[in-house]
Amino acid sequence: MRIRKELNKIPGFEVANHRIDSWWWLVAAVVGIVALLAALEPDPYWRIIRFVSDGLLVTIGVTVIAFILTLVLGLLTALGRLSKNGVVRWITTIYVEIARGVPLLVQLLFWYFAFPSIIQGFGELIHFEPFEHYLANPFAMAILGLTFCYAAYMSEIYRAGIQSVPKGQNEAARSLGMTRNQAMRYVILPQAFRTILPPVGNEFISLLKDSSLVSVVSVADITRRGREFMAASFLPVETWLMIALIYLIMTLISARVVAWIERKTQTEER
Amino acid sequence: MTTLAPTPIIQIENLHKHFGETAAVNGVSLNVNPGEVVLIIGPSGSGKSTLLRCINRLEDFQSGSVIVDDIPLTTAENINAIRTEVGMVFQSFNLFPHLTVLENVTIAQKVVRKRSPEEANEIGRALLAKVGIPEKENGYPGQLSGGQQQRVAIARALAMNPKIMLFDEPTSALDPEMIQEVLDVMLQLAKEGMTMVVVSHEMGFARAAADRAVLMDDGLIVEEAVPDVLFSHPTQDRTKEFLSKIL
């Protein structure tokens, strides 16, 4: 951040710096291609867009909800791994290793197909009616699966961010009488958040893309809707071209927003 | 003839602190009376900073006892109680870079002392004026010079109304022309009767403000005396050798 401040003193650099974000033109270009295709060839392109549009809302919903939960669970896991309590540290470390060691697709299949059966079996064992008739909600299980996996990666990002704050910051806070938790909340975390913003933004983009995997566990996201359209229309090239372009628009916009937030927080201080 | 000896506000008794195999503090006993200014000098690695950091328990220790203002450093509650009474100033300032200058001085007042924002701001502004930085309250630490940052750090510690101030080489990281502005603030504090323990080699400050100078080496106190006496007529060879290097 200090380097950026120094660079900004160079005449013309800020202009050049600003130009980085003319990457918005790429977003505009992709949107333009989609609009052009839809206008020039409404059949099939406009038809595809209309068909998958409800799936688009599902994709955005799954991604945003899973991301918010990931931010919370990731932070709790990171704090657990940095805890003084050995048991808490042990449990959170095991969790991270499992969640990172099993492929995301396998995890999603587990939560959707295996987890409900386990709950049902457990319900029969203890004769607990609601458990015996437990049925998986695809949407909820998909969010659970994504969150379970992504929170483990997120916790490592938080942990690196927290550990990147110099030790003297904690000492200064503690010497003023702050408790461990107060020092974490008012001094360490606010500084860690700034450091981890770029990797956290990347996680959001990865999550958006990986959310396409939920299409295999009965969630009617944009990928699943694309498969349905292709099955009915026998137009694989047009269908997957359009789906790919729609994903690209979403990820490109996300990348711009992340860059914007990053710049904003860096110019606020110093 | 009876002179009533004041109860020491800091009582350190046979303190031992080692990092693994290396002993940092190797059996130190030191009492500091209320209002006293004690300067600790010594070569690097002599344990002087470690001793200072044991007073507010930033460092754990293996044996011995530290009692501050009649509170023994034992339980977590006691340690936090002591930390609210003991201000600390660090060599590298350790200001909070994400907070403004005023917020640096008010955050602990609000969070620890539970003061209202208005009250905390009022106290904070008064202290910033006292250390000579009233006009920078909305700036960030990164925009200040080292000397200004250290003065803000002193104000931040004073905002908790400490009974004791610890200074860990407060001027060692400063450019020469900024040292005096920090020492001036410390001199004023000493005049006002603040109890201070200072790890520093600033002889001018020692002569002007310190009641006692302590020389440490190898985790032990080698010699202690009034600064003028210690600097001019040291009795120990180790003291003479050390002084010849720094004077």
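Bear in mind the structure is a predicted one, so any value in this text is a computation, not a measurement.

**Quick look at the overall build of chain A**
Turning to step 1, where the next piece is worked out: Check the secondary structure of chain A and you find twelve helices and zero strands.
Turning to step 2, where the next piece is worked out: Helices (α) and strands (β) of chain A occur, in sequence order from the N terminus, as α-α-α-α-α-α-α-α-α-α-α-α.
Turning to step 3, where the next piece is worked out: By principal-axis analysis of the C-alpha atoms, chain A measures approximately 70 × 70 × 25 Å.
Turning to step 4, where the next piece is worked out: Classification of the 270 residues of chain A by burial places 40% in the buried group.

**Some details on the interface of chain B and chain A**
Turning to step 1, where the next piece is worked out: Counting from both sides, the interface comprises 25 residues of chain B and, opposite them, 22 residues of chain A.
Turning to step 2, where the next piece is worked out: A combined buried area of about 2,000 Å² lies between chain B and chain A, and 60% of that area is made up of carbon and sulfur atoms.
Turning to step 3, where the next piece is worked out: Seen at the junction of chain B and chain A, the total is one salt bridge.
Turning to step 4, where the next piece is worked out: We note a salt bridge from R53 of chain B to E171 of chain A, for which the minimum N-O separation is 2.6 Å.
Turning to step 5, where the next piece is worked out: Our count for the contact surface shared by chain B and chain A stands at six residue pairs in polar contact (both at pLDDT 80 or more).
Turning to step 6, where the next piece is worked out: Elements that contribute at least two residues to the side of chain B that touches chain A include exactly α2 (76-85), β6 (86-89), α3 (101-111) and α5 (146-158) of chain B.
Turning to step 7, where the next piece is worked out: Residue composition of the side of chain B that touches chain A, grouped by class: 14 nonpolar, seven polar and four charged.

**A word on the pairing of strand β10 (residues 220-225) of chain B**
Residue and element names in this part refer to chain B.
Turning to step 1, where the next piece is worked out: Here strand β9 (residues 212-217) pairs with β10 via five bridges, running antiparallel. Bridged to D217 within β10 is L220.
Turning to step 2, where the next piece is worked out: Hairpin remark: β9 followed by β10, antiparallel, with two residues in the connecting loop; positive phi at D218, about 50 degrees.

**Section: the sheet that holds β6 of chain B**
Residue and element names in this part refer to chain B.
Turning to step 1, where the next piece is worked out: Strand order in this open sheet of six strands is β6-β7-β8-β3-β9-β10, and the pairing throughout is mixed. The sheet is open, and its two edges are formed by β6 and β10, each paired on a single side. Here the average twist between neighbouring strands, direction ignored, is 20 degrees.
Turning to step 2, where the next piece is worked out: With four bridges joining them, strand β3 (residues 37-41) and strand β8 (residues 195-199) adopt parallel strand pairing. Within the sheet, the bridge partner assigned to V37 lies in β8 and is M196.
Turning to step 3, where the next piece is worked out: Packing against the sheet, helix α1 (residues 48-55) makes contact with β3, β6, β7 (164-168), β8 and β9, and its axis sits at approximately 150 degrees to β7.

**Remarks on the side chain of E59 of chain B**
Residue and element names in this part refer to chain B.
Turning to step 1, where the next piece is worked out: Of note, E59 is situated in the loop between α1 and β4 (63-68).
Turning to step 2, where the next piece is worked out: A polar contact is formed between the side chain of E59 and the side chain of R53, at a distance of 3.0 Å.
Turning to step 3, where the next piece is worked out: Apart from residues lying up to four places away in sequence, E59 is in contact with K17, F19, T50, R53 and C54.

**What about the pattern of salt bridges?**
Turning to step 1, where the next piece is worked out: The full count for this structure, using the stated rule, is 26 salt bridges over all chains.
Turning to step 2, where the next piece is worked out: Where E97 of chain A meets R100 of chain A, a salt bridge forms, and the shortest distance between an N and an O atom there is 3.7 Å. Linking E97 of chain A with R100 of chain A, this pair stays in helix α5 (residues 86-101), spanning three residues, or about one helical turn.
Turning to step 3, where the next piece is worked out: For E36 of chain B, the salt bridge is made with R212 of chain B, and the minimal N-O distance between the two is 2.9 Å. Taken together, the residues E36 of chain B in the loop between β2 (22-32) and β3 and R212 of chain B in strand β9 connect sequence positions 176 residues apart.
Turning to step 4, where the next piece is worked out: E36 of chain B gets classed as buried once you look at its relative accessible area, which sits at 12%.

**Considerations on the sheet that holds strand β1 (residues 10-19) of chain B**
All names here are of chain B.
Turning to step 1, where the next piece is worked out: Strand order across the open sheet formed by four strands is β2-β1-β4-β5, with antiparallel pairing between neighbours. Looking at strand neighbours, the two that pair on one side only are β2 and β5 (71-72), the edges of this open sheet.
Turning to step 2, where the next piece is worked out: Summarising the sheet, β1 and β2 pair through eight bridges and their orientation is antiparallel. By the bridge assignment, F19 is partnered in β2 with T22.
Turning to step 3, where the next piece is worked out: Across the sheet, α1 is in contact with β1, β2 and β4; its angle to β1 comes to roughly 120 degrees.

Cut-offs used in this document
- Residues numbered from 1 in each chain as written.
- Chains lettered and ligands numbered in written order.
- Predicted model: local features only at pLDDT ≥ 70, side-chain atom pairs only at ≥ 80, totals over all residues.
- Heavy atoms only, no water.
- Helix = DSSP H or I, 4+ residues; strand = E, 2+ residues; numbered from the N terminus.
- Buried < 20%, exposed > 50% of the residue type's maximum accessible area, 1.4 Å probe, protein only.
- Contact = heavy atoms within 4.5 Å.
- Buried area = accessible area lost by both parts, 1.4 Å probe.
- Salt bridge = Lys/Arg side-chain N within 4 Å of Asp/Glu carboxyl O.
- Polar contact = N/O pair within 3.5 Å; in protein donor to acceptor, adjacent residues only side chain to side chain.
- Nonpolar A, V, L, I, M, F, W, Y, C, P; charged D, E, K, R; others polar.
- Pairing = 2+ DSSP bridges.
- Axes fitted to C-alpha atoms, helices over the stretch in contact; angles between N-to-C directions.

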